[in-house]
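Coordinate analysis (summary)
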Amino acid sequence: MKKVKLDIVGLSYSQTQSGAYALVLGEVNGRRRLPIIIGAFEAQAIAIEIEKMTPTRPLTHDLFKTFAQVYHIEITEIIIYNLVDGVFFAKLICTDGQTTQEIDARTSDAIALAVRFNATIYTYEFILSSAGIVIEGNDFLFLENMESITKEHSSEDMPTSIPVSGYQSLTIEELQEKLNEALADEAYEKAARIRDEISKRNAE
């Protein structure tokens, strides 16, 4: 299957769901974006590393990196390999220089580790084709609220998928209209939830 390289292009507070964040991955040299809903702890872990901040005590992902490197294990890439009912599945590609292993991981954890190991983030074309959102224009790059996110101290392990609510009664045409409105307002977390509802309908 064809792999597509992704970069982190957005991380912002959820506008509708308390304690949730919208992580937006962007297709390298392309206009498609993949919004993923993640929890506060994972958002903090990603933001801290992007900002190159050093916490007073190592976070779980920092501990994992130190442990792995002590035993000469590196994460070379992560792959978001499946999407089921709005939940993304990922795996880590790890090597000790001689053998390569694949390890299942939550997508938010995988990305938090990817930024620490400078590992490349990939997904498959079929996932980006079905769940990606096409952005017109170039004015999309954003890393919002980063300083505030790094100051969050919540240790709650939030779920990586949030149930869609309030959209079941809408038609596909109405959902598409809502999706376009959300994109125009840069409400990417809302757009992701509407997109998931559309994908679910199309799969039925």
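No experiment lies behind these values; they were computed from the predicted model shown.

Scoring rules and cut-offs
- Residue numbers here run from 1 along each chain, matching the order of that chain's written sequence.
- Under the rules for a predicted model, residues below a pLDDT of 70 receive no local features and side-chain atom pairs below 80 are neither given nor counted, while totals for whole chains, interfaces and linings still include all residues.
- Only hydrogens and water are removed before side-chain values are computed, so all heavy atoms of the structure are retained for them.
- Burial classes follow relative accessibility: with a 1.4 Å probe on protein chains only, a residue under 20% of its type's maximum area counts as buried, one over 50% as exposed, and anything between as partly exposed.
- Put simply, DSSP H or I for four residues or longer makes a helix, DSSP E for two residues or longer makes a strand, and each gets a number counted from the N terminus.
- In short, DSSP must find at least two bridges between two strands for them to pair.
- Within this document, salt bridges are pairs made up of a side-chain nitrogen of Lys or Arg and a carboxyl oxygen of Asp or Glu, the two lying within 4 Å of each other.
- To get an axis, a line is fitted to the C-alpha atoms, and for a helix only the part in contact is used. The angle between two axes follows their N-to-C directions and goes from 0 to 180 degrees.
- Our angle categories are set so that under 35 degrees counts as roughly parallel, over 145 as roughly antiparallel, 65 to 115 as roughly perpendicular, and the remainder as oblique.
- Here a crossing is taken to be left-handed if its near helix is turned anticlockwise relative to the far helix by less than a right angle, and right-handed if that turn runs clockwise.
- A contact between two residues is defined here by any heavy atoms of the two lying within 4.5 Å.
- In the scheme used here, Gly and all other residues not listed as nonpolar or charged are polar, with Ala, Val, Leu, Ile, Met, Phe, Trp, Tyr, Cys and Pro taken as nonpolar and Asp, Glu, Lys and Arg as charged.

On a regular strand, each side chain points to the face opposite its neighbour's, so the side chains alternate between the two faces of the sheet. Burial analysis of strand 2 (residues 20–27) places 8 of its 8 residues in the buried class, which makes it a mostly covered element. Residues Ala20, Ala22, Val24 and Gly26 of strand 2 are buried on one face, and the alternating residues Tyr21, Leu23, Leu25 and Glu27, pointing to the opposite face, are buried as well. Where strand 1 (residues 3–13) lies against strand 2, 7 bridges are found, and the strand directions are antiparallel. Counted as the bridge partner of glycine 10 is valine 24 from strand 2. Two strands pair when backbone bridges link them, and strand 2 and strand 3 (residues 32–39) are joined in this way by 7 bridges, in the antiparallel orientation. By the bridge assignment for strand 3, leucine 23 is matched with isoleucine 36. Linking strand 2 to strand 3, which pair antiparallel, is a turn of 4 residues; within it asparagine 29 sits at a positive phi near 60 degrees.

Trans is the prevailing form of peptide bonds, just as negative phi is the prevailing case for residues other than glycine. Although it is not a glycine, histidine 72 sits at a positive phi angle of roughly 60 degrees. Secondary-structure assignment places histidine 72 in the loop between helix 2 (60–70) and strand 4 (74–84). When its relative accessible area of 61% is taken as the criterion, histidine 72 is described as exposed. The residue aspartate 85 is not glycine, and still its phi comes out positive at about 50 degrees. Here aspartate 85 lies in the loop between strand 4 and strand 5 (87–95).

With the rule as written, the count across this model stands at 8 salt bridges. For the salt bridge of arginine 32 with glutamate 27, the shortest nitrogen-to-oxygen distance reads 2.8 Å. Look at arginine 32 and you get buried, because its relative accessible area is 17%. A salt bridge links arginine 116 to aspartate 62, with the shortest nitrogen-to-oxygen separation between them at 2.6 Å. Taken together, the residues arginine 116 in helix 3 (residues 107–117) and aspartate 62 in helix 2 connect sequence positions 54 residues apart. Taking relative accessible area as the criterion, arginine 116 reaches 3% and is therefore assigned buried.

Moving on to the packing of helix 1 (residues 40–50) against helix 3. Packed helix pairs are characterised by how far apart their axes lie and by the angle those axes make with each other. Their axes nearest at 9 Å, the elements helix 1 and helix 3 cross at an angle of 15 degrees. Between helix 1 and helix 3, the angle falls in the class roughly parallel. Our pair here, helix 1 against helix 3, has a crossing hand that is left-handed. The segment helix 1 lies against helix 3, with Glu42, Ala45, Ile46 and Glu49 engaging Ser108, Asp109, Ile111, Ala112, Val115 and Arg116. Here the residues of the contact of helix 1 with helix 3 sort into 5 nonpolar, 1 polar and 4 charged.

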